[in-house]
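Given next are the chains, with one letter for each unit.
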Amino acid sequence: MGGRKTQMISVAVVACLAILISAIIIVTNQKDVQASNSDSKYCQITSNQVEQLTADMSREEVLNALGETKDIGSGRYIYVYEVDQKYLLKIGFDGDDANLNLDGDALLEQLEEL
């Protein structure tokens, strides 16, 4: 009877280990998916969003309208957005209190192909 009990315990331990390993694999895969989704270099926006921008908008208003993205500026703000998954848009500001000084249509003329 002792051998059967030991065998049942061994099976239970192996089953618990299998469940634990499966859980670890699932969590690891979820983290990998989250990391790959956050690897997008720039904030994705649409040309319709750009069209809504006005020349008198502040830096904060533009960030609120389009979302936070990568700032590639040195000494000034230069925000880069990916527009319609086809183009890059760079929006520059000379300081915290600077205005956009261009409307959305003028910005769309400055798009660069990916």
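Everything here concerns the structure above.
Residues numbered from 1 in each chain as written. Predicted model: local features only at pLDDT ≥ 70, side-chain atom pairs only at ≥ 80, totals over all residues. Heavy atoms only, no water.

1. A short note on a negative patch on the surface
Part 1 of the argument: On the surface, Glu 51, Asp 103, Asp 105 and Glu 109 cluster together into a negatively charged patch.
Part 2 of the argument: Topologically, Glu 51 is positioned in helix α2 (residues 47-51). (Patch = residues over 30% accessible without salt bridge, like charges linked within 9 Å, V, L, I, M, F, W, Y side chains within 5 Å. Areas by Shrake-Rupley, 256 points an atom, 1.4 Å probe, with all protein chains shown as cover. Salt bridge = Lys/Arg side-chain N within 4 Å of Asp/Glu carboxyl O. Lys, Arg positive; Asp, Glu negative; His and termini not counted. Charge placed at Lys NZ, Arg CZ, Asp CG, Glu CD. Helix = DSSP H or I, 4+ residues; strand = E, 2+ residues; numbered from the N terminus.)

2. Observations concerning the packing of aromatic side chains
Within a pair of aromatic rings, the relevant descriptors are the distance that separates the centres and the angle that separates the planes.
Part 1 of the argument: Counted under the stated rule, the structure contains two aromatic pairs.
Part 2 of the argument: Centroid distance Tyr 77 to Tyr 79: 5.8 Å. Interplanar angle 10°. Geometry classified as stacked.
Part 3 of the argument: Among the residues examined, Tyr 79 registers a relative accessible area of 5% and is labelled buried.
Part 4 of the argument: Each member of the aromatic cluster is reached from another via a ring pair, and the members are Tyr 77, Tyr 79 and Phe 93.
Part 5 of the argument: Across from the ring centre of Tyr 77, 4.1 Å away, lies the NZ or CZ of Arg 59, which sits over that ring. (Phe/Tyr/Trp six-rings, centres within 6.5 Å; stacked < 30°, edge-to-face > 60°. Buried < 20%, exposed > 50% of the residue type's maximum accessible area, 1.4 Å probe, protein only. Lys NZ or Arg CZ within 6 Å of the ring centre and 35° of its normal.)

3. Quick notes on the side chain of Glu 82
Part 1 of the argument: For Glu 82, the location among the structural elements is in strand β3 (residues 77-83).
Part 2 of the argument: Within the buried set, Glu 82 has no salt-bridge partner at all; the shortest N-O distance to an opposite charge, 9.6 Å, is to Lys 41.
Part 3 of the argument: At 3.2 Å, the side chain of Glu 82 forms a polar contact with the side chain of Gln 44.
Part 4 of the argument: Sequence-distant contacts of Glu 82, defined by excluding residues within four places in its chain, comprise Tyr 42, Cys 43, Gln 44, Ile 45, Tyr 87, Leu 88 and Leu 114. (Polar contact = N/O pair within 3.5 Å; in protein donor to acceptor, adjacent residues only side chain to side chain. Contact = heavy atoms within 4.5 Å.)

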